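Take a look at the letters that make up each chain.
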Amino acid sequence: MLLFGLGTHQLTGGDLVHRVLEAALAANYRLIDTASVYRNETDIGTSLQKLYPQLNLNRSDIFITTKLGPKDQGYDKAYRACLKSIEKLQCEYLDLYLIHWPGRQKLKHDDEQNRSYRKESWRAMERLYKEGKVKSIGVSNYTIRHLEELLSHAEIPPSVLQVEFHPYYRQQELLDWCKEHNIRMQAYTSLGKGKLLLDPVVIQIAKKHGKKPSQVLLKWAVQQGIGVIPKSTNPEHIQDNSAIFDFELCSQDMDMLNGLHSNTKYCWDPSDIA
Ligand SMILES: NC(=O)c1ccc[n+]([C@@H]2O[C@H](COP(=O)([O-])OP(=O)(O)OC[C@H]3O[C@@H](n4cnc5c(N)ncnc54)[C@H](OP(=O)(O)O)[C@@H]3O)[C@@H](O)[C@H]2O)c1
C-alpha cells in the first residue's frame, strides 16, 4: 500500500469531486480513500473515467480504497455492498476494502451481536478477496481487542488498520501491536481537522525546516511507516500536502511532536463497541 493518498470525507458534488481529483492526480497522488457512507463513490468513479485518458493514466496506476458501511455488516449484505461500491466506482476491482467500523448500525455499542455481524462481514471480505474482487482487505476503527478477536477466526488476516492517529492522539500501543502482527497502519485526521496546524510546536518545527505545519504533521506519520490520507478541496493545500518527501524530521523533532499526546480525538470512539 502507498504511504500517501487523498481523503474524501465530506467531498461531495460532481464538479467539486472532479476538480479535487484532477488537482490531486496532477500532484502525483495515486491513492484515493473513500467509503460508501461518504456518498461520493459514483462521482469519484465518473470523474476517474474522464481523468484517466486526460492524464494518461490507467486503472492500475490508481489505488482505490473504499469501506463497508456499518449498515451493511453481515455476510450477504457485506458481499453485495462491495459489488455495489465497485459498480459505483466503475473500477472492476478494489485495491483495498475495509470494514469501516466494528459495530453495526442501529445496534447499541454494548450489544454482543456486533461481534457476530463483523465476523460474518469478514467472511464475506475473505470471499471477495479469493474471487479477486478486492486485492487486499482490512479494517478501520478496530481496537486491539477487536483485532485479537479477528485474528482468532480469520483465514486471511487484515493487511491494513485505518484509525485516527496524530500527535494529539498517538496510539502507540496499537501501533506497536500492528507492527508485531504485520498489519500496516494508515492514519486518518492527521491534521486534526485543521486544528493541529495551529499548534505552536508544530509551527516551530515547520519554520525550522522551511515547510508548512501540514507537511510536518504528515511527515511525522510517514516517517514512522504510517500511511496518511489528508483531505482538502483547496488546490494549494492539495499540492502542499504531497510535498513531504524532500525533508526529514530529526529525533528531537519527533520527540517534541510525540510529546504533544493529550488523548484528544476528533472522530468517533470505538472503544466501547462489544
Ligand atoms: N475510517 C474512518 O472512520 C475515517 C474517519 C475520518 C476520516 N477518514 C479518512 O481520512 C481522511 C482525512 O481525514 P479528515 O478529512 O477527517 O481530516 P484532515 O485531513 O485531518 O483535515 C481536513 C481539513 O484540513 C484542511 N486542510 C487540509 N490540508 C491543509 C493544508 N495544507 N493547510 C491548511 N488546511 C488544510 C482541510 O480544509 P481545505 O479543504 O480548506 O484544505 C480540511 O478542513 C478523510 O477525508 C477520510 O478519507 C476516515
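This text follows the structure it describes.
Residues numbered from 1 in each chain as written. Predicted model: local features only at pLDDT ≥ 70, side-chain atom pairs only at ≥ 80, totals over all residues.

Participant: Can you help me understand the site of the ligand in this one?
Facilitator: What surrounds the ligand is a group of 28 residues, the closest being Gly7, His9, Tyr188, Lys231 and Ser232. Ranked by the residues each element gives to the shell around the ligand, the list is headed by helix α9 (residues 235-242), at three residues. The residue inventory of the shell around the ligand, partitioned by class, reads six nonpolar, 17 polar and five charged. (Near = placed C-beta within 6 Å. Helix = DSSP H or I, 4+ residues; strand = E, 2+ residues; numbered from the N terminus. Nonpolar A, V, L, I, M, F, W, Y, C, P; charged D, E, K, R; others polar.)

Participant: Where do I start with the pairing of strand β6 (residues 160-164) in this structure?
Facilitator: In regular strands, side chains alternate between the two faces of the sheet. For β6, a buried count of five out of five residues is recorded, marking the element as mostly surrounded by other parts of the structure. Note that strand β5 (residues 137-140) and β6 share three bridges and pair parallel. Looking at the pairing, Val139 lines up with Leu161 of β6. Taken together, β5, helix α5 (residues 144-153) and β6 form a β-α-β motif whose crossover is right-handed. Judged from the five bridges that link them, β6 and strand β7 (residues 184-188) form a sheet pairing that is parallel. Residue pairing in the sheet places Val163 in a bridge with Ala187 of β7. Handedness of the crossover is the feature at issue here: the chain leaves β6, passes through helix α6 (residues 172-180), returns alongside β7, and the resulting connection is right-handed. (Buried ≥ 20, exposed ≤ 12 C-beta atoms within 10 Å, placed from the backbone. Pairing = 2+ DSSP bridges. Right-handed = clockwise from strand over helix to strand, strands pointing away.)

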